[in-house]
Amino acid sequence: MPEPTAPSSAPRRLPLLLALGLTLVFFHRAVFSANVFFLRDVQHVYVPLWEYWRERVLGGEFPQWYPFDGLGQPYVGMVISGAFHPAQWLSLVLPGAQGLKWIMLLCYPVAFLGMSALARRLGLGLGPALLTAVSYTFSGYLVGITNNPLYLMAAVTMPWVFWALEGFLAAPTVGRGLGAAVLLSLVLFSGDVQSYAVCLGGLLLWSVCRPAPEGRAFSLGKALGVGGVSVLLSAVQILPTLKILPHVRASSQTVEAAMVWSVHPLRLLELFLGPLFAGESGTRTQIAIDERLLSTSMIDLWVDSLFVGAPVLVLAGVAVAAHLRRPLTVLLTAAALGVLLLALGKHAALYAWVFEWVPPWRSFRYPEKLMPFVTFALAMAAGVGFEWLERESVARRWVGGLAGGLGALVLAVGGLEWSHQVFSIGWLTGFWEGTPWPEAQQRIGGQFVQGCGVAGVSLLLLGGLLMGGRSPVWRTGWVGALCFAGLLLENGSIYKVGDSDLFDEPPPFVLRIQEERLTQRGPPPRLFRVPGPYYTPKPLPLPSLEETDSLVSGASLVPLVPALFGLESSSAHLPAVSWRVLALWNDGPAWATRTAALFNTRYFVISHDAISLLVNGPRRVVDRMDAFGLLLLEDTSVLPRVYLAHPRCVAGPEEAVRRLRGLQAPREVVVECAAPLPESPLEAPRGEVTAARFAPERVEVEVNARGGEVLVLNDAFYVGWTASVDGTPTPILPANGAVRAVVVPPGTHQVVFSYRTPGLAAGAWVSVGTLLVLLGAAVVTRRRRHGAHLAHLA
């Protein structure tokens, strides 16, 4: 008699194999080439920020201050830096843009496994669970957000958070609760505070919606416990953020600024029909669509696609219809619709209402960032709907017929657009602001026809599969393949990859600055990119317009590109920039023509069209790139990084900014004085700075003062900085509205400026202490349970 064989492990391996295999197929243009993700914030923010973290950590230091933007700002406090996210540690072995590409590609198998594991834990079969994983992982939002890694990492972590919570609620242990709290904290550590808040709210809602033998109040208490522990674990990030919040622009943004990127109601069609409105960013056609049709006030979309596919929407509708009589279904559906209304932003009233009545919400912006929660809900509902149909054969055949009929109708609508432009010219015309853009109408019409074709054929095939009499395994496999094929067809072209030289090769202006500064010592030179247009050369020097725009963008040294090559920018780009700096930077032409030079800004990149602003007086043309319409200027009258000046006391920042217009720099400086300072005459002698040593968190200056002077350091005035003169602490005063000054007595002295992130030490103690206590509790309780089990067996 043959021995019994062990059950096959293939089903256990299947999610992992599919997660890896489907990612390889979907992202083959990135996987099987040396090209990298390069669009928008990948180039402008994350590669520079992560490379800075990597260099500091490899040098044995933890970065607390980031000197390369807005005259300097806190690295930890800006949150988006992701200073504590585990992905940062991967950057130690996966550096630069190439490393970031592989870190981002790794996100997709992680998302797939998270959705599959969550669906299985909720009781779905393997097939429906894999369907939810496919639908979420390769949805338009997750594919399109390859231009912004922090939001990708937050969206990838979200399914794992709910998976861990469900495990904890079902079988509560200290270890499981700690695991759920750690995963929730990773959403915040990725840099996405808004998703962290929504995730936390989702956990509380889910805890009262799931069946709970011990009662929903008890489940809610456990979820609150997970949330509370997550806050404690995240204290190392939360406390520094709260400390700097009064000093940043997010605390005072308007509701209009917060809702710039809102989901236009027309874009909801993309859930069904694919990316109708996406195209090459920066072209006249795309700008016309974004500004005049979708009212974004931007020249591109936040993400180019919201597509999840017609089969997913049909199956999600089945789930809602099948369980509509359950109050909890109504509650969860209402919550998903509420998030969708928030995502509509300025096109619905809810976001503005929440912005007004929930003060913490005011620091968030861009409602479109909420769309992964909508996608998550649709994907989970699709799995539930498919599972229900597999149990209800009569309903499955009925839904199959309905899907087939809907598919035929969609194909007919696509045919009407192809022959008579019923959508692009007929129906859509009334949504344009002013006269419709003919090229845009033609492009949208073509994409509408393609979307109808994919949706119609998908629905016909879905109908045939649901009505077929084959085995459930056969049907499940083909439905999953159908959904993946549709996502690949519609979203496969959304992600963009380009030459890694966009990051690795120093632009010509950088080479010229490095050449000029080769023999000079001191802090890195500062530059400012004067806002203005640049030219796109014809023919394109790179294969695509997006790559060419990225090349020109890098050549014009937009923030934070200079940081990749050791140059600082006085532009205000990152969210933790001081409101003092921002108030001056927002002063339009005055910043470029006069103010920036007060703050040690030596170089200016400017377009030909704006050259009349700066070519005068002490400014000279250092280099030019006529093909891009750009010039590099140097201001030879720029003030030093550190210098001694006679103080002129004012009461506050507004008066300081007004006084800048008549300031006789460098002999005098406007200082916000807590107590009156002696004000020497303008012609009085000044001392000199004899030596200076600069590091991000420590500046040492040696001075020989004459008396009645202050030492000015042209770095941002910010909470967390302290100063000492010959080892004796001395207050730092705001100077020229935005930078730092300290009073120095006559004679030779050493002045030291030191930075420690406010709240970082206390937050670290809270986070590490919480982790250690709960790990210890988990070990103790596990041993007790094991001992009790052994005693029971005995």
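None of these values were measured; they are calculated from a predicted model.

A look at the overall build of the chain
Phase 1 of the analysis: Counting its regular elements, the chain contains 30 helices and 19 strands.
Phase 2 of the analysis: For a compact globule of 794 residues, the expected C-alpha radius of gyration is about 28 Å, and the chain comes in at 29 Å, within 12% of that figure.
Phase 3 of the analysis: With the C-alpha coordinates of the chain rotated into their principal frame, the extents come out at 100 × 80 × 55 Å.
Phase 4 of the analysis: Within the chain, the fraction of its 794 residues that count as buried is 55%.
Phase 5 of the analysis: The contacts in the chain between residues at least 6 apart in sequence include a share of 75% that link residues at least 24 apart.
Phase 6 of the analysis: In the structure as shown, the chain presents an accessible area of about 32,500 Å², 65% of it carried by carbon and sulfur atoms.
Phase 7 of the analysis: Each charge class in the chain can be summarised by its mean position, and for the 59 positive and 54 negative side chains these summaries are 9 Å apart.

Some thoughts on the sheet that holds strand β12 (residues 688-695)
Phase 1 of the analysis: If you trace the five strands from one edge of the open sheet to the other, you get β12-β13-β19-β15-β16, paired in antiparallel fashion. Each edge of the open sheet is held by one strand with a lone partner, namely β12 and β16 (728-730). Across this sheet, the average inter-strand angle for adjacent strands is 25°, counted without regard to direction.
Phase 2 of the analysis: In this structure, strand β15 (residues 721-725) lies alongside β16, joined through three bridges in antiparallel fashion. The partner of A723 across the bridge, within β16, is T730.

Re the packing of helix α16 (residues 310-322) against helix α22 (residues 438-467)
Phase 1 of the analysis: For the pair α16 and α22, interaxial distance at closest approach is 8 Å and the crossing angle is 50°. Put simply, α16 runs oblique to α22. Where α16 abuts α22, its residues A310, P311 and V314 lie against A455, S458, L459 and L462.
Phase 2 of the analysis: Of the residues belonging to the contact of α16 with α22, the class tally is six nonpolar, one polar and no charged.

Brief notes about the pairing of strand β19 (residues 747-755)
Phase 1 of the analysis: Of the strand pairs in this sheet, strand β13 (residues 698-705) and β19 are connected by eight bridges, and their pairing is antiparallel. Bridge assignment links E700 to a residue of β19, and that residue is V752.
Phase 2 of the analysis: Where β15 and β19 come together, five bridges link them in antiparallel fashion. From the neighbouring strand, V725 faces β19, where its bridge partner is V751.

Focus on the pairing of strand β8 (residues 619-625)
Phase 1 of the analysis: One ladder, built from six bridges, connects β8 with strand β9 (residues 630-635); its direction is antiparallel. Residue pairing in the sheet places R624 in a bridge with L631 of β9.
Phase 2 of the analysis: Between β8 and β9, which pair antiparallel and follow one another directly, the connecting turn spans four residues, one of which, G629, has a positive phi of 70°.

A closer look at the packing of aromatic side chains
Phase 1 of the analysis: Scanning all chains against the criterion turns up 33 aromatic pairs.
Phase 2 of the analysis: An angle of 90° between the planes, with centres 5.1 Å apart, marks the rings of W53 and W89 as edge-to-face. Linking W53 in helix α3 (residues 41-58) with W89 in helix α4 (residues 86-90), this pair joins segments that are 36 residues apart in sequence.
Phase 3 of the analysis: Ring geometry for F62 against F84: centres 5.5 Å apart, planes inclined by 20°, an arrangement best described as stacked. Of this pair, F62 sits in the loop between α3 and β2 (65-66) while F84 sits in the loop between β3 (73-74) and α4, and the two are 22 residues apart along the sequence.
Phase 4 of the analysis: According to the relative accessible area criterion, F84 is partly exposed, its value standing at 23%.
Phase 5 of the analysis: Among the aromatic side chains, those forming a connected cluster through ring pairs are F26, F27, F37, Y108, F138, F484 and Y495.
Phase 6 of the analysis: Here the guanidinium or amino end of R29 rests over the ring plane of Y495, the centre of that ring lying 3.9 Å away.

Points about the sheet that holds strand β7 (residues 601-607)
Phase 1 of the analysis: The five strands are arranged β6-β5-β7-β9-β8 in an open sheet whose pairing can be described as mixed. The sheet is open, and its two edges are formed by β6 (568-569) and β8, each paired on a single side.
Phase 2 of the analysis: Both strand β5 (residues 526-529) and β7 contribute to a ladder of four bridges, which runs parallel. Bridge pairing in β7 links L527 to Y603.
Phase 3 of the analysis: The strands that helix α25 (residues 508-516) touches are β5, β7, β8 and β9; relative to β8, the one it contacts most, it runs at about 135°.

Some remarks on the state of the cysteines
Phase 1 of the analysis: Enumeration according to the criterion identifies one disulfide in this entry.
Phase 2 of the analysis: Here C649 connects covalently by a disulfide to C673, the sulfurs 2.0 Å from one another. One quick way to see it: the torsion about the S-S bond of C649 and C673 is about -85°, and its sign makes the bridge left-handed. On the criterion of sequence distance, the pair formed by C649 in strand β10 (residues 642-650) and C673 in the loop between β11 (668-672) and β12 is long-range, its members being 24 residues apart.

Notes on the packing of helix α8 (residues 149-170) against helix α10 (residues 193-209)
The relative placement of two packed helices is expressed as an angle between their axes plus a distance between the axes.
Phase 1 of the analysis: Between α8 and α10, the least distance of the axes is 11 Å, while the angle of their chain directions is 25°. Overall, the two elements α8 and α10 adopt an arrangement that is roughly parallel. Classified by chirality, the crossing of α10 by α8 is right-handed. Of the residues in α10, those in contact with A154, M158, V161, F162, L165, E166 and L169 of α8 are S195, C199, G202, L203, W206 and S207.
Phase 2 of the analysis: Here the contact of α8 with α10 is composed, by residue class, of nine nonpolar, three polar and one charged.

What to know about the confidence of the model for the chain
Phase 1 of the analysis: Chain-level statistics for the chain give a pLDDT mean of 90 and a share of 96% at 70 or above.
Phase 2 of the analysis: Between the elements of the chain, mean pLDDT differs from a low of 80, seen in helix α28 (residues 589-598), to a high of 97, seen in β15.
Phase 3 of the analysis: Of the regions scoring below 50 in pLDDT, residues 1-8 engages in zero contacts with residues more than four places distant in sequence or in other chains.

Considerations on helix α17 (residues 327-344)
Phase 1 of the analysis: In this model α17 runs 26 Å from its N-terminal to its C-terminal C-alpha over 18 residues, within 8% of the 26 Å that 1.5 Å per residue would give.
Phase 2 of the analysis: Among the residues of α17, T329, V339, L340, L342, A343 and L344 are the ones counted as buried.
Phase 3 of the analysis: Where α17 is buried, its residues meet α16, α18 (350-357) and α19 (371-391).
Phase 4 of the analysis: Positive phi appears at G345, one or two residues downstream of α17, with a value of about 55°.

Describing the pattern of salt bridges
Phase 1 of the analysis: Counted according to the given criterion, the structure contains 21 salt bridges.
Phase 2 of the analysis: Ionic pairing is found between E61 and R56, a salt bridge with its closest N-O pair at 3.0 Å.
Phase 3 of the analysis: Taking relative accessible area as the criterion, R56 reaches 7% and is therefore assigned buried.
Phase 4 of the analysis: Counted as one network, the salt bridges with shared partners bring together R512, E516, R602, R620 and E634.

Comments concerning a nonpolar patch on the surface
Phase 1 of the analysis: Residues V182, V768, L771, L772 and L775 make up a contiguous nonpolar surface patch of roughly 400 Å² in combined accessible area.
Phase 2 of the analysis: If you tally residues by element for the nonpolar patch, the top one is helix α30 (residues 760-793), at four residues.
Phase 3 of the analysis: Positionally, L771 belongs in helix α30.
Phase 4 of the analysis: With relative accessibility at 32%, the residue L771 sits in the partly exposed group.

What about unusual backbone geometry?
Phase 1 of the analysis: Across the junction of P559 and L560, the peptide omega takes the value -5°, indicating a cis bond.
Phase 2 of the analysis: Here L560 lies in the loop between α26 (545-555) and β6.
Phase 3 of the analysis: Even without being a glycine, L71 presents a positive backbone phi close to 65°.
Phase 4 of the analysis: As for its position among the elements, L71 is in the loop between β2 and β3.

Rules used throughout
- Residues numbered from 1 in each chain as written.
- Predicted model: local features only at pLDDT ≥ 70, side-chain atom pairs only at ≥ 80, totals over all residues.
- Heavy atoms only, no water.
- Helix = DSSP H or I, 4+ residues; strand = E, 2+ residues; numbered from the N terminus.
- Rg over C-alpha atoms; globule rule 2.2 N^0.38 Å.
- Buried < 20%, exposed > 50% of the residue type's maximum accessible area, 1.4 Å probe, protein only.
- Contact = heavy atoms within 4.5 Å.
- Areas by Shrake-Rupley, 256 points an atom, 1.4 Å probe, with all protein chains shown as cover.
- Lys, Arg positive; Asp, Glu negative; His and termini not counted.
- Charge placed at Lys NZ, Arg CZ, Asp CG, Glu CD.
- Pairing = 2+ DSSP bridges.
- Axes fitted to C-alpha atoms, helices over the stretch in contact; angles between N-to-C directions.
- Parallel < 35°, antiparallel > 145°, perpendicular 65-115°, else oblique.
- Nonpolar A, V, L, I, M, F, W, Y, C, P; charged D, E, K, R; others polar.
- Phe/Tyr/Trp six-rings, centres within 6.5 Å; stacked < 30°, edge-to-face > 60°.
- Lys NZ or Arg CZ within 6 Å of the ring centre and 35° of its normal.
- Disulfide = S-S within 2.5 Å.
- Left-handed = near helix turned anticlockwise from the far one by under 90°.
- pLDDT = per-residue confidence, 0-100.
- Expected span 1.5 Å × (residues − 1).
- Salt bridge = Lys/Arg side-chain N within 4 Å of Asp/Glu carboxyl O.
- Patch = residues over 30% accessible without salt bridge, like charges linked within 9 Å, V, L, I, M, F, W, Y side chains within 5 Å.

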